[in-house]
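Listed below, chain by chain, are the residues.
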Amino acid sequence: MSTAPHGLTTNLRERMFELGRAARAAAAVLAQTPSAVKQRVLEAAAAELRAARAAVLRANAEDVAEAQLHNLSSAMLDRLALDDERLEATAAGLETVAALEDPVGQVTAEWQRPNGLKISRVRVPLGVIGIIYESRPNVTADAAALCLKSGNAAILRGGSESARSSAAIHGCLERALLAHGLPKAAVQMVPTQDREAVGILLRDMASYIDVIVPRGGKGLVARVQQDARVPVMAHLEGICHTYVHARADLAMARRIALNAKMRRTGVCGATETILVDRACAATHLQPIVADLIAAGCEVRGDAPTQASDARVRAAADGDFGKEFLDAIVAIRVVDGLDEALAHIRRYGSAHTDSIVTNDAAAAERFLNELDSAIVLHNASTQFADGGEFGMGAEIGIATGKIHARGPVGAAELTSYKYVVRGTGQIRP
């Protein structure tokens, strides 16, 4: 709860409501904006971002330096940090989204009734989307791009640790909007780091905001899901598994397990638990463990995993089902596919899970029977990303079952309406 005096809270609430009113007006404009204009705005935003490279990286360096003073975790620092490569990837992501097919106005189904009524289901924007996120300043660009592409206005609330970086990126987006005649309120940043602003966004702005998307740690997502009075698209944790099946190719299993855990340990698609089939443990377990340890990963394992390498620490039961977001992995030996599926159902978070195997029947069982938002065969869980799915970017990974699931791209930020065309029919 905020400890601000009542007058200050009232003033902040009015400022937040003004954001909402401006966003509502902008959303009405965006819903009617031609695809070509939205594409040009996103292309211009990419150009602005490249032109502002030095300023954005300078702002990010200040954010990182302050974060280090506050002893942020290595995972949070990795999410926060920008460099030339990541900034270029962000700009390229804007261009990729720009080139995507516009979902607004797509007819997803149409039919004619016996009475002559012609009915079609048409994609329409959601309206105003609130995005609350931590650490990653690139989310400012990704979220804005997807909202604009899908005809939605966005209200962004980034974490205090990335405030300078996000503001610099937001400035690029504003300049692109204004240059092409669109309201700058189409993409707004909450103008304060006061925590009460988040409370107002969640509790008091249902008349202005149509959906909230939280993107951050378990604490943030849990608070949003608890306090929000508008619909939420979110996942709570990314407890991802890689299962090395009895018929897994050893070289492939080693590559995938190492990449799935260690490519970037702080992302939600990083594997947190590796399951190794007892039928191949004698040949596959020790090399996988050795690869991980050589890469700087701490391995916590059950008794068979400990026996494979003296450097393995004993795993507590709490390590299975834990989102480490760090160079730590839990490994367990399982007796076949059924036990692997049972383990994932018990400890997983329905985010992303992978099987490594040359057994097509086993792979199909895994893909069909496991009810996770993303399931993979012979591929790293680190592919759990909208960009890798061809969506250009993502606003997050949704693990719920209503409206959107998996990477949330532009199409997932639309709803639909039914358009009915008649020739004078009346209902008897």
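Worth saying up front: this structure is predicted, and the values here are computed from it rather than measured.

S.K.: Can you walk me through the packing of aromatic side chains in this structure?
M.R.: The way to describe two aromatic rings as a pair is by their centre distance and the angle between their planes. All chains considered together, the criterion is met by five aromatic pairs. With a centroid separation of 6.3 Å and an interplanar angle of 55°, the aromatic rings of Phe320 and Tyr347 are classed as tilted. Here Phe320 is found in the loop between β10 (313-314) and β11 (328-334), whereas its partner Tyr347 is found in helix α13 (residues 336-347), with 27 residues between them in sequence. Each member of the pair, Phe320 as well as Tyr347, carries the same accessibility label: buried. Ring-pair connections join several aromatic residues into one group, and the members of that group are Trp111, Tyr416 and Tyr418. Cation over ring: Arg121 sits above Tyr416, and NZ or CZ is 5.6 Å from the ring centre.

S.K.: Whenever I open this one, the environment of Ile155 confuses me. Can you help?
M.R.: On the secondary structure map, Ile155 appears in strand β4 (residues 153-157). Judged by its relative accessible area of 0%, Ile155 is buried. For the pair Ile155 and Ile209, spaced 54 residues apart in the sequence, the C-alpha separation amounts to 8.6 Å. Ignoring any residue separated from it by four or fewer positions in sequence, one finds Ile155 in contact with Leu19, Gly20, Ala23, Val128, Ile129, Gly130, Ile131, Gln188, Val190, Leu201, Met205 and Ile209.

S.K.: What's the story with the sheet that holds strand β5 (residues 187-189) in this structure? I'm lost.
M.R.: Reading across the sheet, the four strands line up as β5-β4-β3-β6 and stay open at both edges, with parallel pairing between neighbours. The open sheet is flanked by β5 and β6 (211-215), the only strands paired with a single partner. This sheet shows a mean twist of 20° between the axes of neighbouring strands, independent of strand direction. Packed onto the sheet, helix α9 (residues 218-227) meets β3 (128-133) and β6 and runs at close to 165° relative to β6.

S.K.: Got a minute to help me understand the nonpolar core in this structure?
M.R.: Across soluble globular proteins, nonpolar side chains have a tendency to be buried as a group. Counting 77 residues, the largest nonpolar core has Met16, Ile131, Ile155, Met205, Ile209 and Ile395 as the members making the most contacts within it. Apart from residues no more than four positions distant in its own chain, Ile131 is found in contact with Val139, Ala143, Cys147, Ala154, Ile155, Leu156, Arg157, Val213 and Ile395. Residues Ala248, Ala281, Ala327 and Ile331 belong to the second largest nonpolar core, which totals 24 residues.

S.K.: Got a minute to help me understand the sheet that holds strand β9 (residues 298-301) in this structure?
M.R.: With parallel pairing, seven strands are arranged side by side in an open sheet as β10-β9-β11-β8-β7-β12-β13. Sheet topology places β10 and β13 (374-377) at the edges, where each strand pairs with a single neighbour. Two strands pair when backbone bridges link them, and β9 and β10 are joined in this way by two bridges, in the parallel orientation. Paired with Arg300 across the strands is Arg313, a residue of β10. Strands β7 (240-244), β8 (271-277), β11 and β12 (352-356) of the sheet are contacted by helix α10 (residues 250-262), whose axis makes an angle of about 160° with β8. Against the sheet, helix α11 (residues 281-294) touches β7, β8, β9 and β11, its axis set at about 175° to β11.

S.K.: What should I look at first to understand the packing of helix α6 (residues 138-149) against helix α7 (residues 163-179) in this one?
M.R.: Relative orientation and spacing of two packed helices are given, respectively, by the angle between their axes and the distance between those axes. Here α6 crosses α7 at 30°, and the two axes come no closer than 9 Å. Judged by the angle between their axes, α6 and α7 are roughly parallel. Contact with α6, carried on its side by Thr140, Ala141, Ala144 and Leu148, involves Ser166, Ile169, His170, Leu173 and Leu177 of α7 and no other residues of that element. Its residues placed into classes, the contact of α6 with α7 shows six nonpolar, three polar and no charged.

S.K.: Sorry if this is basic, but what is going on with helix α8 (residues 195-203) here?
M.R.: In an α-helix, one turn spans 3.6 residues; hence positions three or four apart end up facing the same way. With seven of nine residues buried, α8 lies mostly within the body of the structure. Residue Asp194 occupies the N-cap position of α8, its side-chain oxygen lying 2.8 Å from the main-chain nitrogen of Glu196.

S.K.: Explain the side chain of Glu323 here, please?
M.R.: Relative to the helices and strands, Glu323 resides in the loop between β10 and β11. Despite its burial, Glu323 pairs with no opposite charge; the closest candidate is Arg79, at 5.4 Å N-O. At 2.9 Å, the side chain of Glu323 forms a polar contact with the backbone nitrogen of Gly238. Ignoring anything within four residues of it in the chain, the contact list for Glu323 reads Glu237, Gly238, Ile239, Cys268 and Glu272.

Definitions and limits used
- Residues numbered from 1 in each chain as written.
- Predicted model: local features only at pLDDT ≥ 70, side-chain atom pairs only at ≥ 80, totals over all residues.
- Heavy atoms only, no water.
- Phe/Tyr/Trp six-rings, centres within 6.5 Å; stacked < 30°, edge-to-face > 60°.
- Helix = DSSP H or I, 4+ residues; strand = E, 2+ residues; numbered from the N terminus.
- Buried < 20%, exposed > 50% of the residue type's maximum accessible area, 1.4 Å probe, protein only.
- Lys NZ or Arg CZ within 6 Å of the ring centre and 35° of its normal.
- Contact = heavy atoms within 4.5 Å.
- Pairing = 2+ DSSP bridges.
- Axes fitted to C-alpha atoms, helices over the stretch in contact; angles between N-to-C directions.
- Core = buried A, V, L, I, M, F, W, Y, C linked by side-chain atoms within 4.5 Å.
- Parallel < 35°, antiparallel > 145°, perpendicular 65-115°, else oblique.
- Nonpolar A, V, L, I, M, F, W, Y, C, P; charged D, E, K, R; others polar.
- Polar contact = N/O pair within 3.5 Å; in protein donor to acceptor, adjacent residues only side chain to side chain.
- Lys, Arg positive; Asp, Glu negative; His and termini not counted.
- Salt bridge = Lys/Arg side-chain N within 4 Å of Asp/Glu carboxyl O.

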